[in-house]
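Coordinate analysis (summary)
Chain by chain, the residues run as shown.
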Amino acid sequence: MGSEMCIRDRVRTVTGQDALDAAQDTLDAVVARTPTSVISRLGVEFSNAWHVNGYGGRPGVAIPLYDAVARGARLTTADFVDHIHAHDGYAIYNHPFGVLDPGSGADTPAVQKQRVLTEATDLTANRVFGADGIEIAYYLRGRVDLANHMYLGELLVANGIFATWTGVSDNHTGIPGSWTTAKRNNFVSQLWADGTDEDSHATAIQQGLACVSLLGAYAGQLWVSLDDAPMGSASVRPGVTSRQLGVGVTQVPTGGRVEVVKGKVGYAASGAPLTQPGCTVVATLRPADLPSGNAEVVVATETSCFFYLRVRDAAGSIVAFTNPVIHLTSTPPSRGAVSDRRLIA
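Report on the accompanying structure. (Residues numbered from 1 in each chain as written. Predicted model: local features only at pLDDT ≥ 70, side-chain atom pairs only at ≥ 80, totals over all residues. Heavy atoms only, no water.)

Moving on: the overall build of the protein chain. Of regular secondary structure, the protein chain possesses eight helices and 20 strands. Put simply, the protein chain has 345 residues, and 47% of those count as buried. Long-range contacts, defined as pairs at least 24 residues apart, comprise 72% of the intrachain contacts of the protein chain with a sequence gap of at least 6. Of the accessible surface of the protein chain, which amounts to about 16,000 Å², a share of 54% is contributed by carbon and sulfur atoms. (Helix = DSSP H or I, 4+ residues; strand = E, 2+ residues; numbered from the N terminus. Buried < 20%, exposed > 50% of the residue type's maximum accessible area, 1.4 Å probe, protein only. Contact = heavy atoms within 4.5 Å. Areas by Shrake-Rupley, 256 points an atom, 1.4 Å probe, with all protein chains shown as cover.)

The next thing to look at is unusual backbone geometry. Excluding glycine, a negative phi dihedral is what most residues carry, and trans is how most peptide bonds are arranged. Unlike most non-glycine residues, V128 shows phi in positive territory, near 50 degrees. Relative to the helices and strands, V128 resides in the loop between α5 (109-125) and β4 (133-135). For V128, a relative accessible area of 1% translates into the label buried. Located in the positive-phi region is R143, a residue other than glycine, with phi close to 70 degrees. Mapped onto the fold, R143 is located in the loop between β5 (140-141) and β6 (144-145). For R143, a relative accessible area of 26% corresponds to the partly exposed category.

Take the sheet that holds strand β10 (residues 222-226) next. Strand order in the open sheet made by the four strands is β11-β10-β13-β16, with antiparallel pairing throughout. The sheet terminates laterally at β11 (229-230) and β16 (294-300), the two strands that pair on one side only. (Pairing = 2+ DSSP bridges.)

A two-sided burial pattern is seen for strand β19 (residues 325-328), the buried positions comprising V325 and H327 on one face and I326 and L328 on the other. Judged from the three bridges that link them, strand β12 (residues 234-236) and β19 form a sheet pairing that is parallel. Across the sheet, the residue bridging to A234 is I326, located in β19. Note: strand β17 (residues 305-312) against β19, three bridges, orientation antiparallel. Considered in β19, the bridge of F306 is made with I326.

Within helix α4 (residues 77-86), burial applies to T77, F80, V81, H83 and I84. For α4, the buried positions fall inside an angular range of 160 degrees around the axis, keeping them on one side. Once α4 finishes, D88 follows within two positions and takes phi at roughly 65 degrees, a positive value. (Arc of directions from axis to C-beta.)

If you want it as structure tokens, here you go:
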């Protein structure tokens, strides 16, 4: 009894912002004991509606809404996203096809395709509920494979929704050791940020300056641009029928390749069928084509379109990809603040 009472005396029960501060203190302490230089950032998952992760921002990002839930309020995904933004954070829409882990298997190709179309229609109509990014890099999650997760991302871009493609931030099975285990959802996001501060990271996510890579399979860096327009941007260039695609790639896997993927962009009217991206590989680069890590590819831009890079290993598996860079032939209709801020003249 004496030892039990002693243990209880040493337990500190905290709520509200104190709970977030305690979590950050614990995370900082763990990181301080690691042999590498790691910057820790505290994120909060909102899962009363769809699962959304909030990062950065001012203190208190989680607290008022959970207090509202405790009072019986029925909150929506958009409420959580708005709350994250109100506290200067950024929001990621998690696992768009649900939480079932890889052990649940995959739906048939036909069922997966229909689920993608249904989800894309909903997310396009709702502008991904205002989220800054969306997880599309699951090799298998919610009974949907990587190809169809990426098809969802392509569909969104094809219909003017430019939420940043990210790796996994809501694994549900991210236990110690799992991040380097084969056949796990181990795709992570890499940012092209101006600095290591939180604001720089938020800006990179919001502008689509992010690549996705598979831990243990690809340790290089990726970059893509269209003339002077950086990855993530949507540049309006009427009458320009060809442009220079800048490719930056390091550490292409032995026997692997880099694919330049092109898709269509259209702005279908509300209620009309979605524009299909019709993605094709317009160029393939081998390690010998990238002696300096850089290459330039002339691409056709007669119509509105987007480009991104995919890296495949020797077995043909996707181990990394960029966010798209977008070419528009005219100023598009608004698709919400997240997409509109990507537009450049």
